[in-house]
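The primary structure of each chain is shown beneath.
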Amino acid sequence: MLPALLLSASVLALGVSAQSTCAPSHSASTGFRLVLNVTDLSLDLTPSVHGKYLSTAHIGPAQNRAIVSPDSNLSPIFYQNGTFQDQLQFRAGILADTGSGLIEALQYLPLPEEDHPTQGHNRIFVSIGTPGAGTALTRLWTPVSYLTILDGVVGSSFVVCNATIPYYGSQRVFQVVNWVAATRDSTGTHVKIPTGCAPVRLVPQCAFLPVVEGVGHEFVQEVRCYDDVGGVEW
Ligand SMILES: *[C@@H]1O[C@H](CO)[C@@H](O)[C@H](O)[C@H]1NC(C)=O
Ligand SMILES: *[C@@H]1O[C@H](CO)[C@@H](O)[C@H](O)[C@H]1NC(C)=O
Ligand SMILES: *[C@@H]1O[C@H](CO)[C@@H](O)[C@H](O)[C@H]1NC(C)=O
């Protein structure tokens, strides 16, 4: 309970409306799974992705595309890695151990323009390599914990879309997790949710982070997470 009390105190100290103190109570953990929360349920896909888990589809050696699964056991256990300074400068990485001594990171790469007309549409990967820049859970002074990219710099949203993955041919349709950055036009900056996609937040659900031989966890940060994201009353 202590972190929640500290949070309420700091929120009040900043003069934010007392409403923010109604934030759902959370726990703390080093490991977490990412649960999808559809922020506009009228845009949910069929089958629903609300409350489902971020999972991975293998596309090459230690390369995986982020997809949706109803099974928590198919969801990687992530952790946020970095110093306090890294976190302040959005340089902390969201990592996952493969279990065989390799470390994968959450990354994103632009979707080829011919595949999708929406600007700023990016695919999400869980793969060996440099963690995606600016990817981190929201800061402690925000009321709710969820994953953001370039928080405070541009608006953006994670989205889930029906899509094929080249590695699996053109028949099999996956619910893939992508990310769209805001685009600017003459009327301002907007996040355009592509047609047929659902806007989601990726919310951390506390999970036990196993020790893996040969993988140092000295920069793993304790994060705010929820014991059961599906049961949270937002
Ligand atoms: C989760 O989704 C519900 C329903 O769309 C919404 O009311 C709530 O604000 C969402 N929570 C977060 C953290 O996005
Ligand atoms: C974890 O964070 C530390 C501190 O910034 C950094 O030196 C290390 O390379 C990071 N590990 C990975 C796998 O990115
Ligand atoms: C997504 O694919 C499912 C079948 O896997 C289908 O039922 C649904 O209508 C599709 N949704 C959209 C928006 O294309």
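Residues numbered from 1 in each chain as written. Chains lettered and ligands numbered in written order. Predicted model: local features only at pLDDT ≥ 70, side-chain atom pairs only at ≥ 80, totals over all residues. Heavy atoms only, no water.

Caption draft 1: A look at the site of ligand 2. Close to ligand 2 lie N81, G82, T83, D86, L95 and F219. At 2.4 Å from an oxygen atom of ligand 2 is found a side-chain nitrogen or oxygen belonging to N81. The contact in question runs from an oxygen atom of ligand 2 to an N or O atom on the side chain of D86, over 2.5 Å. Relative to its free-state accessible area of 360 Å², ligand 2 is covered by the protein chains to the extent of 53%. Of the residues assigned to the shell around ligand 2, the class counts are two nonpolar, three polar and one charged. (Near = heavy atom within 4 Å. Polar contact = N/O pair within 3.5 Å; in protein donor to acceptor, adjacent residues only side chain to side chain. Areas by Shrake-Rupley, 256 points an atom, 1.4 Å probe, with all protein chains shown as cover. Nonpolar A, V, L, I, M, F, W, Y, C, P; charged D, E, K, R; others polar.)

Caption draft 2: Expanded view of the environment of I77. Along the chain, I77 falls in the loop between β4 (63-69) and β5 (78-81). Distance in space between the C-alpha atoms of I77 and F32 is 5.4 Å, their sequence separation being 45 residues. Residues in contact with I77, not counting those within four places in the same chain, are G31, F32, R33, L95, A96, D97, A207, F208, L209 and P210. (Helix = DSSP H or I, 4+ residues; strand = E, 2+ residues; numbered from the N terminus. Contact = heavy atoms within 4.5 Å.)

Caption draft 3: Inspection of a nonpolar patch on the surface at higher detail. A cluster of nonpolar side chains, contributed by F84, L88, L140 and W141, occupies part of the molecular surface with about 450 Å² of accessible area. Looking at where L140 falls in the secondary structure, it is placed in the loop between β9 (135-137) and β10 (147-149). Taking the relative accessible area as the measure of exposure, L140 reaches 55% and is therefore exposed. (Patch = residues over 30% accessible without salt bridge, like charges linked within 9 Å, V, L, I, M, F, W, Y side chains within 5 Å. Salt bridge = Lys/Arg side-chain N within 4 Å of Asp/Glu carboxyl O. Buried < 20%, exposed > 50% of the residue type's maximum accessible area, 1.4 Å probe, protein only.)

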